[in-house]
Amino acid sequence: MIKKIVIANWKMNPLTPGEAKVISKGIVKASDKLKRTTVVIAPPFPFLSSVSLSKKVFLGSQDAFWGGVGAQTGEVSIGMLKSLKASYVILGHSERRALGESDAFVSKKIIATLKAGMTPILCIGEKARDHHGDYLSFVENQIRASLEGVSRKEISKIIIAYEPVWAIGKTADDAMDSSKLHEMSIFVHKTLVNMFGRESAQKVKLNYGGSVEGANAHDLIQNGNVYGFLVGHASLDSKKFAEILRATDK
Ligand code: PGA
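Residues numbered from 1 in each chain as written. Predicted model: local features only at pLDDT ≥ 70, side-chain atom pairs only at ≥ 80, totals over all residues. Heavy atoms only, no water.

K.L.:
Is there a simple way to think about the pairing of strand 6 (residues 159-162) in this case?
P.N.:
Regular strands have side chains that alternate between both faces of the sheet. Side chains of strand 6 alternate between two faces, with Ile-159 and Ala-161 and Ile-160 and Tyr-162 buried alike. Where strand 5 (residues 119-124) meets strand 6, four bridges bridge the pair, whose relative direction is parallel. Note on strand 6: the bridge partner recorded for Ile-124 is Tyr-162. Pairing between strand 6 and strand 7 (residues 205-209): four bridges, direction parallel. Looking at the pairing, Ala-161 lines up with Asn-207 of strand 7. (Buried < 20%, exposed > 50% of the residue type's maximum accessible area, 1.4 Å probe, protein only. Helix = DSSP H or I, 4+ residues; strand = E, 2+ residues; numbered from the N terminus. Pairing = 2+ DSSP bridges.)

K.L.:
Would you mind showing me how to read the site of the ligand here?
P.N.:
Within the structure, the ligand sits among Asn-9, Lys-11, His-93, Glu-163, Ile-168, Gly-169, Gly-210, Ser-211, Leu-230, Val-231, Gly-232 and His-233. Within the side chain of Asn-9, one N or O atom sits 3.3 Å away from an oxygen atom of the ligand. Contacts to the ligand include His-93, whose side-chain N or O atom sits 2.8 Å from an oxygen atom. The protein chains hide 99% of the 280 Å² of surface that the ligand would expose on its own. Each residue belonging to the shell around the ligand can be placed in one class, and the counts come to three nonpolar, seven polar and two charged. (Near = heavy atom within 4 Å. Polar contact = N/O pair within 3.5 Å; in protein donor to acceptor, adjacent residues only side chain to side chain. Areas by Shrake-Rupley, 256 points an atom, 1.4 Å probe, with all protein chains shown as cover. Nonpolar A, V, L, I, M, F, W, Y, C, P; charged D, E, K, R; others polar.)

K.L.:
Looking at this structure, how should I read the packing of helix 1 (residues 17-31) against helix 10 (residues 238-249)?
P.N.:
Relative placement of two packed helices is described by the angle separating their axes and the distance separating the axes. Orientation of helix 1 relative to helix 10, taken along the N-to-C sense of each, is 30 degrees, at an axis distance of 9 Å. Relative to helix 10, the element helix 1 is oriented roughly parallel. In terms of crossing hand, the pair formed by helix 1 and helix 10 is right-handed. Counted together, Ile-23, Gly-26, Ile-27, Ala-30 and Ser-31 of helix 1 and Ser-238, Phe-241, Ala-242 and Leu-245 of helix 10 form the full contact between these two elements. Residue composition of the contact of helix 1 with helix 10, by class: six nonpolar, three polar and no charged. (Axes fitted to C-alpha atoms, helices over the stretch in contact; angles between N-to-C directions. Parallel < 35°, antiparallel > 145°, perpendicular 65-115°, else oblique. Left-handed = near helix turned anticlockwise from the far one by under 90°. Contact = heavy atoms within 4.5 Å.)

K.L.:
Would you explain the sheet that holds strand 8 (residues 228-231) in this entry?
P.N.:
Through backbone hydrogen bonds, the strands of a sheet pair up, either in parallel or in antiparallel fashion. The sheet built from eight strands closes into a barrel, its strands ordered 1-2-3-4-5-6-7-8 with parallel pairing. Ignoring strand direction, the axes of neighbouring strands in this sheet form an average angle of 25 degrees. The sheet contacts of helix 1 involve strand 2 (37-42) and strand 3 (57-61), and relative to strand 2 the element is tilted by about 175 degrees. Sitting on the sheet, helix 9 (residues 214-223) touches strand 1 (4-9), strand 7 and strand 8, and the angle it makes with strand 8 is about 140 degrees.

K.L.:
Would you take a moment to explain helix 7 (residues 178-196) for this structure?
P.N.:
Because an α-helix packs 3.6 residues into every turn, residues spaced three or four apart end up facing the same way. For helix 7, with 19 residues, the first-to-last C-alpha span of 26 Å sits near the 27 Å given by 1.5 Å per residue. Immediately beyond the C-terminal end of helix 7, within one or two residues, lies Gly-197, with a positive phi of roughly 90 degrees. (Expected span 1.5 Å × (residues − 1).)

K.L.:
Quick question: what am I supposed to make of the pattern of salt bridges here?
P.N.:
A side chain with one charge can pair with a side chain of the opposite charge if their charged atoms come near. Tallying each qualifying case throughout the model produces seven salt bridges. A salt bridge links Glu-95 to Lys-11, with the nearest nitrogen and oxygen atoms 2.9 Å apart. In this pair, Glu-95 is assigned in helix 3 (residues 94-97) and Lys-11 in the loop between strand 1 and helix 1, connecting sequence segments 84 residues apart. By relative accessible area, Glu-95 is classed as partly exposed at 37%. A salt bridge links Arg-144 to Glu-140; the nearest nitrogen and oxygen atoms lie 3.0 Å apart. Here Arg-144 pairs with Glu-140, and both are found in helix 5 (residues 134-146), just four residues apart, close to one helical turn. (Salt bridge = Lys/Arg side-chain N within 4 Å of Asp/Glu carboxyl O.)

K.L.:
Just checking my understanding: could you explain the packing of aromatic side chains for this structure?
P.N.:
Between two aromatic rings, the relevant description is the distance of the centres plus the angle of the planes. One pass over the full model with this rule turns up three aromatic pairs. Looking at Lys-205, its charged tip hangs above the ring of Tyr-227, at a distance of 5.1 Å from the centre. (Phe/Tyr/Trp six-rings, centres within 6.5 Å; stacked < 30°, edge-to-face > 60°. Lys NZ or Arg CZ within 6 Å of the ring centre and 35° of its normal.)

K.L.:
I keep staring at a positive patch on the surface and nothing clicks. Help me out?
P.N.:
Residues Lys-29, Lys-33, Lys-239, Arg-246 and Lys-250 make up a contiguous surface patch of positive charge. Note that Lys-29 resides in helix 1. (Patch = residues over 30% accessible without salt bridge, like charges linked within 9 Å, V, L, I, M, F, W, Y side chains within 5 Å. Lys, Arg positive; Asp, Glu negative; His and termini not counted. Charge placed at Lys NZ, Arg CZ, Asp CG, Glu CD.)

Take a look at the structure:
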């Protein structure tokens, strides 16, 4: 049975730990009947200890700095996240890249996350599309640079979330359509085969993110050739998120 995964990226929401608790409880309840889908909640750092978890719902973070402790004002380390039982780390999200996060930083963070025995979720995706296919080389370069230093053995432990920036934060109608997603998943896979060889590359789980909602989740998972989703706004409403989970688990 193919295992699937849906990651709730709460971004800079909600405002209080009490709200975080309520949403996460709803997600835990909605996950109870899932047969083949693992759920990850990635709340803002201050709420890592506030969210409810279960045998099916795991804890993730939205970023991490390498190391355990040290002189890094304002950073939160992978070691600290591990001590709070986080097992997944989202890295290189486009909203962080827009603030200056470089591929070089992302690759250092991926390597440190793997070393800590946690699962990195690497976000990639073009800002816009063009008729010349430049976005393909953009995505390929991003994959190559973000995975610099990752070995053939380690690549199988990484989740890649393909998130075209133009599709983020909209509605299901503006998300990528499943046939285009299928093409892109082949392209990402081919890039990974070129880098790591077929055997290792085929173990990488590719997810999609960008306006996934209840209305499009079923089509994207059935026809998009992906293992799951990275969900932003729809993960803050446990009822809407439950629709995505049901569609994924079918
Ligand atoms: P969205 O966000 O579901 O609100 O489009 C996805 C993401 O940015 O990870």
